[in-house]
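Here's the letter readout for the chains.
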Amino acid sequence: MATQDGNGTPSPGILLTDSRQQAKLGKAAVKIQAWWRGTLVRQTLLHAALRAWVIQSWWRAMQAKMLEQRRRLALKLYTCQEWAVVKVQAHVRMWQARRRFLLARQAACVIQSHWRWHASQTRGLIRGRYEVRASRLELDIEILMT
């Protein structure tokens, strides 16, 4: 196959009559096509790798977020349980303190009543009388010591 210039004469150096030249050009064309296909494949693989990297990064971020949510939920549950335990302990301690106070008060009342009885029996007798006259109160108290 030959190309011609404007006069109809073949251009020099473009005549492809030789089979060796045709083979060289065929091999060169195959090399160029292979290089181009390799470039396209590498570009496709690079894009695929970048897309995979983006997806993996997103997935790792989502896993970290879910892990953080689980940790916060576990911490919240632990905090609620600790708060409940502290409340129960406070109520038990309050109940114990009140029980000790009531026992001590009851013991004090028993001691006071016995002391008063003992004092009235050993120290003497209190006798008294009172009268209300007009707008005055007359009070006579007599204490007898034995």
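The structure displayed is predicted, hence computed values, not measured ones.

Visitor: Help me out: how do you make sense of the overall build of the chain in this one?
Guide: In terms of regular secondary structure, the chain is built from one helix and two strands. Secondary structure of the chain in N-to-C order comes out as α-β-β. Counting all 146 residues of the chain, 2% fall into the buried class. Within the chain, counting contacts between residues at least 6 apart in sequence, those at least 24 apart form 2% of the total. Carbon and sulfur atoms make up 64% of the accessible area of the chain, which amounts to about 14,000 Å² in all.

Visitor: How should the pattern of salt bridges be read in this particular structure?
Guide: When the charged atoms of two side chains lie near each other, side chains of opposite charge can form a pair. Under the counting rule described, the total for this entry stands at one salt bridge. With a shortest N-O distance of 3.4 Å, Glu68 and Arg72 are connected by a salt bridge. Placement of the pair is Glu68 and Arg72 together in helix H1 (residues 19-122), with a separation of four residues, close to one helical turn. With relative accessibility at 35%, the residue Glu68 sits in the partly exposed group. Given a relative accessible area of 59%, Arg72 falls into the exposed group.

Visitor: Explain a nonpolar patch on the surface to me, please; I cannot follow it from the model alone.
Guide: On the surface, Trp35, Trp36 and Leu40 cluster together into a nonpolar patch covering about 350 Å² of accessible area. With relative accessibility at 36%, the residue Leu40 sits in the partly exposed group.

Visitor: Help me understand the packing of aromatic side chains, please; the structure alone is not making it clear to me.
Guide: The way to describe two aromatic rings as a pair is by their centre distance and the angle between their planes. Under the counting rule described, the total for this entry stands at two aromatic pairs. Centre to centre, the rings of Trp35 and Trp36 are 6.0 Å apart; their planes meet at 45°, and the pair counts as tilted. Residue Trp36 is classed as partly exposed on the basis of its relative accessible area, which comes to 46%. Taking 6.2 Å as the distance between ring centres and 45° as the angle between the ring planes, the aromatic pair formed by Trp58 and Trp59 counts as tilted.

Cut-offs used in this document
- What you see as residue numbers is a count from 1 along each chain, following the sequence as written.
- At least 70 in pLDDT is required for a residue's local features to be given in this predicted model, at least 80 for side-chain atom pairs to be given and counted, and no such filter applies to totals for whole chains, interfaces and linings, which use all residues.
- The side-chain values count all of the structure's non-hydrogen atoms but skip hydrogen atoms and water molecules.
- The way it works is that DSSP assigns letters per residue, a run of H or I at least four long becomes a helix, a run of E at least two long becomes a strand, and they are numbered from the N terminus.
- Note on classification: 1.4 Å probe, protein chains only; a residue is buried when its accessible area is under 20% of the maximum for its type, exposed when over 50%, partly exposed between these limits.
- Between two residues, a contact is recorded if the distance between any of their heavy atoms is within 4.5 Å.
- Methods summary: accessible areas were calculated by the Shrake-Rupley approach with a probe of 1.4 Å, and residue burial reflects only the protein chains presented.
- What counts as a salt bridge is simple: a side-chain nitrogen of Lys or Arg found within 4 Å of a carboxyl oxygen of Asp or Glu.
- The patch calculation keeps residues exceeding 30% relative accessible area without a salt bridge and links them within 9 Å when they carry like charges or within 5 Å when they are nonpolar (Val, Leu, Ile, Met, Phe, Trp, Tyr).
- The rule is short: rings of Phe, Tyr and Trp, with Trp giving its six-membered ring, pair when the centres are within 6.5 Å, and they are stacked under 30 degrees, edge-to-face over 60, tilted in between.

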